[in-house]
Amino acid sequence: MTTHLIGKRISIVFSLLLCLIVFVSAPVTEAEQGQLVVIAATNAGKVVPGSMLQPGDIVNIPAGGWITLITETGGMIQLGGPYSGPVQRKVVRGPKQDPKGLTGTLTKIAGLIAGAKTQSTVLGASRQAEALAAAQPDPWLMAVDSSGERCVRRQGVQMWRKSGARPAVVSLRSQKAKAAGLKWPTGVQRLQLPPKFIEDGTLIVMKIGQEPRRINLHVTPQGLDLERPGAVLGWMIDRKCSRQAQVYIRRLHARAN
């Protein structure tokens, strides 16, 4: 065997080894890093909201159907039918890589969806809350139809009521601020919350006409990535803003239509 032939074979073997090293060490895509949860599904056959999927699981989606999923690192994947095959790895919103991940968040999201389905089936009283969530156009609105936890952004917070059929006069007070005589005109569903009330952890005691409300305000922290749906959902769930989380899911899923 000539020296030239031996050198050529060594070169080929070296090239193959180099390719193997590159293949093994190449960063995995987001969907390959962990589980995914289906947050919403429309005409998607056996794929139902709350389902947990593993990377590479096969899904069968009929024509006209679509699903929205959250990855373990908080990104979002949407997949429309007709489709039969593994879950796509293309993230349409959120980071493609994040070594930190969102440990436990997918389980929380699946629990929220399962709880909502159980309540709407078993508890008739929850239908009113479900109807309010369905009517709310924006997850970041501070709904005032009932008392409870509300998650808002750091500025430009708007109070929201389902019906604007009647005018109302609003009074607000917290430990640090007061406001009275705010007019809410007929036909108007949104009213600006005075900026002095926008503080994380604030308890706002309000009166809309003669109806009292107590709102616990949660303001998005500086470190929360609002472009990462899984992170936003996890934050809302942790602060018991489940109604807003449902509105947020509905808005995310609507983008696939």
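The preceding data block contains the structure.
Calculation notes
Residues numbered from 1 in each chain as written. Predicted model: local features only at pLDDT ≥ 70, side-chain atom pairs only at ≥ 80, totals over all residues. Heavy atoms only, no water. Core = buried A, V, L, I, M, F, W, Y, C linked by side-chain atoms within 4.5 Å. Buried < 20%, exposed > 50% of the residue type's maximum accessible area, 1.4 Å probe, protein only. Helix = DSSP H or I, 4+ residues; strand = E, 2+ residues; numbered from the N terminus. Contact = heavy atoms within 4.5 Å. Phe/Tyr/Trp six-rings, centres within 6.5 Å; stacked < 30°, edge-to-face > 60°. Pairing = 2+ DSSP bridges. Axes fitted to C-alpha atoms, helices over the stretch in contact; angles between N-to-C directions.

**Quick look at the nonpolar core**
- Of all hydrophobic cores here, the largest spans 24 residues; its most connected members are Val37, Ile39, Ile70, Ile109, Leu233, Met236 and Ile249.
- Contributing elements (two or more residues each) for this core: β1 (36-42), α2 (105-122), α4 (229-238) and α5 (242-254).
- For this core, the leading source of residues is α4, giving six residues.
- If near-sequence neighbours (up to four positions away) are discounted, Val37 is found in contact with Gly50, Ser51, Met52, Thr68, Leu69, Ile70, Leu106, Ile109 and Ala110.
- In this structure, Met142, Ala177, Leu193 and Ile215 belong to the second largest nonpolar core, which totals 21 residues.

**Overview of the packing of aromatic side chains**
- Scanning all chains against the criterion turns up one aromatic pair.
- Ring geometry for Trp140 and Trp235: centres 6.4 Å apart, planes at 35°, overall tilted. You can see Trp140 sitting in the loop between α3 (126-135) and β7 (142-143) and its partner Trp235 sitting in helix α4, a full 95 residues away along the chain.
- The buried category is assigned to Trp140, whose relative accessible area is 10%.
- Taking relative accessible area as the criterion, Trp235 reaches 5% and is therefore assigned buried.

**What about the sheet that holds strand β4 (residues 66-71)?**
- On the basis of which strands lie adjacent, the open sheet formed by four strands has the order β2-β1-β4-β5 and antiparallel pairing. Both edges of this open sheet fall to β2 (52-53) and β5 (76-80), since each of them pairs with a single strand only.
- Taken together, the six bridges between β1 and β4 define a ladder with antiparallel strand orientation. Residue pairing in the sheet places Val38 in a bridge with Leu69 of β4.
- Along the sheet face, α5 touches β1, β4 and β5 and points at about 75° away from the line of β1.

**Examining the environment of Ala131**
- As for its position among the elements, Ala131 is in helix α3.
- For Ala131, a relative accessible area of 35% puts it in the partly exposed group.
- A sequence separation of 31 residues divides Ala131 from Lys162, and the C-alpha atoms of the two residues are 9.8 Å apart.

**Looking at α4**
- Counting buried positions along α4 yields nine of 10 residues, so the element is predominantly enclosed.
- Looking one or two residues beyond α4, the residue adopting positive phi is Lys240, at roughly 65°.

**Here we look at the pairing of β5**
- β5 sits mainly inside the fold: four of its five residues count as buried.
- Pairing analysis gives five bridges linking β4 to β5, with the strands arranged antiparallel. Note that in β5 the partner of Trp66 across the bridge is Gly80.
- Between β4 and β5, which follow one another and run antiparallel, lie four residues, and Gly74 among them has a positive phi close to 95°.

**A closer look at the pairing of strand β11 (residues 178-184)**
- One ladder, built from five bridges, connects strand β10 (residues 168-173) with β11; its direction is antiparallel. What sits directly across from Val169, in β11, is Lys183.
- Count of turn residues in the β10/β11 antiparallel hairpin: four residues.

**A few points about the environment of Gln175**
- Take Gln175: it is sitting in the loop between β10 and β11.
- As for Gln175 and Phe197, which are separated by 22 residues in sequence, their C-alpha atoms are 9.4 Å apart.

**Some details on the sheet that holds β7**
- Reading across from one edge, β7-β9-β12 is the order of the three strands in this open sheet, with mixed pairing throughout. Each edge of the sheet is formed by a strand with only one pairing partner; in this case those strands are β7 and β12 (190-192).
- Examined bridge by bridge, β7 and strand β9 (residues 158-160) share two bridges and lie parallel to one another. Each bridged residue has a counterpart across the sheet, and for Ala143 the counterpart in β9 is Trp160.

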